[in-house]
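Coordinate inspection notes
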Amino acid sequence: MDLLEVNYKENITIFFKKVTSAPPSAAPSVTPSAPSNPNEFCTFKPQMSSADAEEERLLLNSAWPETPVLTSPLLLNQTSHATRSTFTILPRRGGGEWRVGDQLEVMIKVCDFQGNTKKFGGDFLVTRLHNRQLEAGVAGRVVDHLNGSYSAVFTLLWEGSAQVEVKLIHPSEAITALRRLNRENPDRIIFKSVFRSGSISETSNCSICLRPNNQPLCNFTDLRTGDPWFCYKPKNLGCEARINHMKTGYTNELKADEKKLFQRKVNLLVFIPASGPSSVNVLPQGKGEPRVDQASRKPGLSGYYYQGLWRSLGGTKVHQFNNASAISQCLKGKVVHLYGDSTIRQWFNYFTTSLPDATAVNLNSPAQAGPLVIWDHANKIMVTYRIHGLPLRISTMPASKESYIANELDTLVGGTNTIVVFGVCAHFGTFPTELYIRRLQSIRRAVVRLLNRAPGTLVVIKTGTLTYTDLSSVEGNINWFSVQADKMLKDMFKGINIQLVNAWDMVLAHYLQHSIHPPYPIIKNMIDVLLSYVCPHM
């Protein structure tokens with residue numbers, strides 16, 4: 001039996017032993033629900049190292065600039081208005097014609113409904129440069145000058161037309177409203193659990209943040225990671241009788257005035273017009289100039305599309321894995337563990353359809369949550385998926401299937417034939433940002449432990465994405481949270497031997513509509529990036 005066979009069988013044995021045994025946990029405790037400030041009832045005071053506490057402070061301070069206090073009644077005319085705002089392409093430095101490799105700078109002026117320039121920053125803007133005919137596009141980085149003006153700089157990466165696009169996602173005043181929601185209404189998504197013993201069944205509200213009342217709480221905080229979760233204790237059953245987790249709905253917590261800040265075609269996901277030309281014509285690169293992919297290395301600039309394909313800037317070259325044979329050859333002898341939300345489950349589904357020789361194993365797991373597994377015996381490939389731990393906006397799942405990523409990573413042997421992929425973002429958008437930071441800190445510690453014991457393990461992190469939203473879904477706070485989460489994640493894993501799939505850039509730069517569940521062409525490009533990390537020389 002060769003080493004590949006031994007490694008393959010060892011991974012299968014470990015995986016099935018893990019998913020068929022009960023997760024280790026202590027009995028949940030009961031604590032009283034003490035009164036507190038009703039507007040500040042979601043606080044986190046776990047034991048933290050001084051380094052983690054300082055990191056949290058720095059991340060919170062740099063997450064987003066201050067935004068204006070909202071007046072009551074709201075003076076809508078004094079808030080940001082997309083079509084009254086403008087952007088301007090600045091002349092080429094040194095004059096002359098635009099060429100591949102040049103830096104294109106755009107200045108953006110944000111105005112209110114009356115056309116007056118705003119006096120402060122905090123607006124949520126996104127920018128991209130694109131050419132629809134060439135299926136080319138690159139995301140921009142916006143710099144907030146905190147006085148109503150913003151700038152974005154692009155490297156010109158292709159010949160031909162390059163069209164600038166600037167979009168107002170949220171005005172600064174809407175960010176104030178979203179901040180208030182996360183502080184005062186972190187319980188606006190309704191989570192419940194059924195508790196059952198024999199013929200007795202009760203349903204109780206659950207969350208990380210439960211409003212204090214006279215009911216005692218069942219404390220389901222994970223003992224190893226410290227990740228918090230609570231339920232109101234049922235009247236007639238003990239905490240140990242909890243059998244599932246489910247999301248049952250949303251409560252509408254935006255005030256009447258605040259809803260005016262989230263109007264389609266006015267101040268929500270609206271294009272800002274140009275005050276002059278909105279595009280430039282790009283000529284070929286001059287002789288003797290450095291290669292564009294070398295000249296374009298800028299912090300956070302991960303890549304761009306050309307002819308619909310994602311090209312890396314200064315990183316691992318992206319190869320195309322266009323058929324089952326290429327994918328199987330790359331993953332031969334590999335075990336791929338996918339952890340995260342439904343956007344990571346898209347990757348598992350991609351492998352399910354792209355590896356026709358792989359067999360799905362029936363583990364009697366819920367399709368949304370997992371654990372799920374496919375294997376290709378001939379090529380010794382195993383791919384697994386498991387949803388990340390609470391909070392989860394999921395219709396229903398057994399409590400026995402709940403598992404935190406850090407705990408899962410601690411069970412892995414790891415090694416050169418192991419690929420670990422995770423993505424954690426969207427489900428945290430309604431909670432205080434501290435929760436997300438502490439979840440990442442917990443996962444990071446587990447990643448470091450994994451790499452210390454098995455340094456050949458490939459760890460890949462997928463960032464969050466920009467999505468379409470409207471008033472009915474804006475309280476989920478995915479977009480504004482995701483752009484902060486993207487920055488914090490990159491800062492927190494800097495210096496650790498991991499790879500990134502920059503989903504934020506890959507969705508923003510593409511011509512297809514923004515979606516938290518990107519369509520197939522974008523998913524295919526993401527998988528190509530992942531497989532290029534696995535097989536950089538194919």
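Relevant structure appears above.
Residues numbered from 1 in each chain as written. Predicted model: local features only at pLDDT ≥ 70, side-chain atom pairs only at ≥ 80, totals over all residues. Heavy atoms only, no water.

**Things to note about the overall build of the protein**
Inclusion rule: The way it works is that DSSP assigns letters per residue, a run of H or I at least four long becomes a helix, a run of E at least two long becomes a strand, and they are numbered from the N terminus. Throughout this description, buried means an accessible area under 20% of the type-specific maximum (1.4 Å probe, protein chains only), exposed means over 50%, and partly exposed covers the range between. By definition in these notes, contact holds between two residues if any of their heavy atoms fall within 4.5 Å. All accessible-area figures derive from a Shrake-Rupley calculation using a 1.4 Å probe, and residue coverage is judged against the displayed protein chains alone.
Summing up its helical and strand segments, the protein has twelve helices and 25 strands in all. Across the 538 residues that make up the protein, the buried fraction comes to 56%. Pairs at least 24 residues apart make up 77% of the contacts formed inside the protein by residues separated by at least 6 positions. Entry remark: accessible area of the protein is about 23,100 Å², with carbon and sulfur atoms responsible for 52%.

**Here we look at the packing of helix H6 (residues 324–331) against helix H7 (residues 342–354)**
The packing of two helices is summarised by the inter-axis angle and the distance between the axes. To keep things clear, this is the line we draw: Interaxial angle, 0 to 180 degrees, is taken between N-to-C directions of lines fitted to C-alpha atoms, where a helix line uses only the stretch in contact. Throughout this description, any angle smaller than 35 degrees is read as roughly parallel, any larger than 145 degrees as roughly antiparallel, any in the 65 to 115 degree range as roughly perpendicular, and the remainder as oblique. Residues are sorted three ways: Asp, Glu, Lys and Arg are charged, Ala, Val, Leu, Ile, Met, Phe, Trp, Tyr, Cys and Pro are nonpolar, and all the rest, Gly among them, are polar.
Close contact between H6 and H7 brings their axes to 10 Å; oriented N to C, the two are set at 115°. Put simply, H6 runs roughly perpendicular to H7. Contacts from Ala324, Ile327 and Leu331 of H6 reach H7 at Tyr350, Phe351 and Ser354. For the contact of H6 with H7, the per-class residue count stands at five nonpolar, one polar and no charged.

**A closer look at the packing of H7 against helix H12 (residues 520–534)**
Packing of H7 against H12 brings their axes to within 10 Å, and their N-to-C directions diverge by 85°. As the angle between them shows, H7 and H12 are arranged roughly perpendicular. Contacts between H7 and H12 involve Gln346, Trp347, Tyr350 and Phe351 from the first element and Tyr520, Ile523, Lys524, Met526, Ile527, Leu530 and Leu531 from the second. Looking at the contact of H7 with H12, its residues break down into nine nonpolar, one polar and one charged.

**Some thoughts on unusual backbone geometry**
For the bond from serine 72 to proline 73, the omega torsion is 0°, close enough to zero to count as cis. With an omega of 5°, the peptide bond between glycine 370 and proline 371 qualifies as cis. Unlike most non-glycine residues, glutamine 307 shows phi in positive territory, near 55°. Tracing the backbone shows glutamine 307 in the loop between strand S16 (303–306) and strand S17 (309–312). Take glutamine 307: its relative accessible area is 52%, and that puts it in the exposed class. At asparagine 364, a residue that is not glycine, the phi angle is positive and equals roughly 55°. Topologically, asparagine 364 is positioned in the loop between strand S19 (359–361) and strand S20 (372–376).

**Regarding the packing of aromatic side chains**
Here a ring pair, both rings aromatic, is described through the centre-centre distance and the interplanar angle of the planes. The test is simple: By convention, a stacked pair of Phe, Tyr or Trp rings (six-membered ring in the case of Trp) has centres within 6.5 Å and planes under 30 degrees apart, an edge-to-face pair has planes over 60 apart, and any other such pair is tilted.
In total, this model carries eleven aromatic pairs according to the counting rule given. Consider the rings of phenylalanine 195 and phenylalanine 220, whose centres lie 6.5 Å apart with planes at 45°: the pair is tilted. On the criterion of sequence distance, the pair formed by phenylalanine 195 in strand S9 (residues 189–197) and phenylalanine 220 in the loop between strand S11 (217–219) and strand S12 (230–232) is long-range, its members being 25 residues apart. The exposure class of phenylalanine 195 is buried, given its relative accessible area of 0%. Seen from their ring centres, tyrosine 305 and tryptophan 310 are 4.8 Å apart, and the 70° between their planes marks the pair as edge-to-face. Summarising the burial analysis for this pair, tyrosine 305 and tryptophan 310 share the class buried. Put simply, the rings of Trp64, Phe124 and Trp480 touch in pairs and so form one group of aromatic residues.

**Here's the deal with the pattern of salt bridges**
How we decide: Note on definitions: salt bridges are taken to be side-chain nitrogens of Lys or Arg within 4 Å of carboxyl oxygens of Asp or Glu.
The final tally for this structure, using the stated rule, is 24 salt bridges. In this structure, the salt-bridge partner of glutamate 55 is arginine 444, at a minimum N-O distance of 2.7 Å. A residue pair is termed long-range when its members are at least 10 positions apart, and glutamate 55 in helix H2 (residues 50–63) and arginine 444 in helix H9 (residues 433–453) qualify at 389 residues. Residues joined by salt bridges that share partners form a network here, namely Asp52, Glu55, Arg444 and Arg445.

**Some thoughts on the nonpolar core**
For the record, the criterion: Residues belong to a common nonpolar core when they are buried Ala, Val, Leu, Ile, Met, Phe, Trp, Tyr or Cys residues joined through side-chain atoms within 4.5 Å.
Within the largest apolar cluster, 92 residues are counted, with the highest numbers of intra-cluster contacts made by Leu338, Phe351, Phe422 and Phe493. Excluding its chain neighbours within four sequence positions, the residues that come into contact with phenylalanine 351 are Ile327, Leu331, Leu338, Ile374, Val383, Ile527, Leu530 and Leu531. Ile89, Trp98, Val106 and Leu129 belong to the second largest nonpolar core, which has 31 residues in total.

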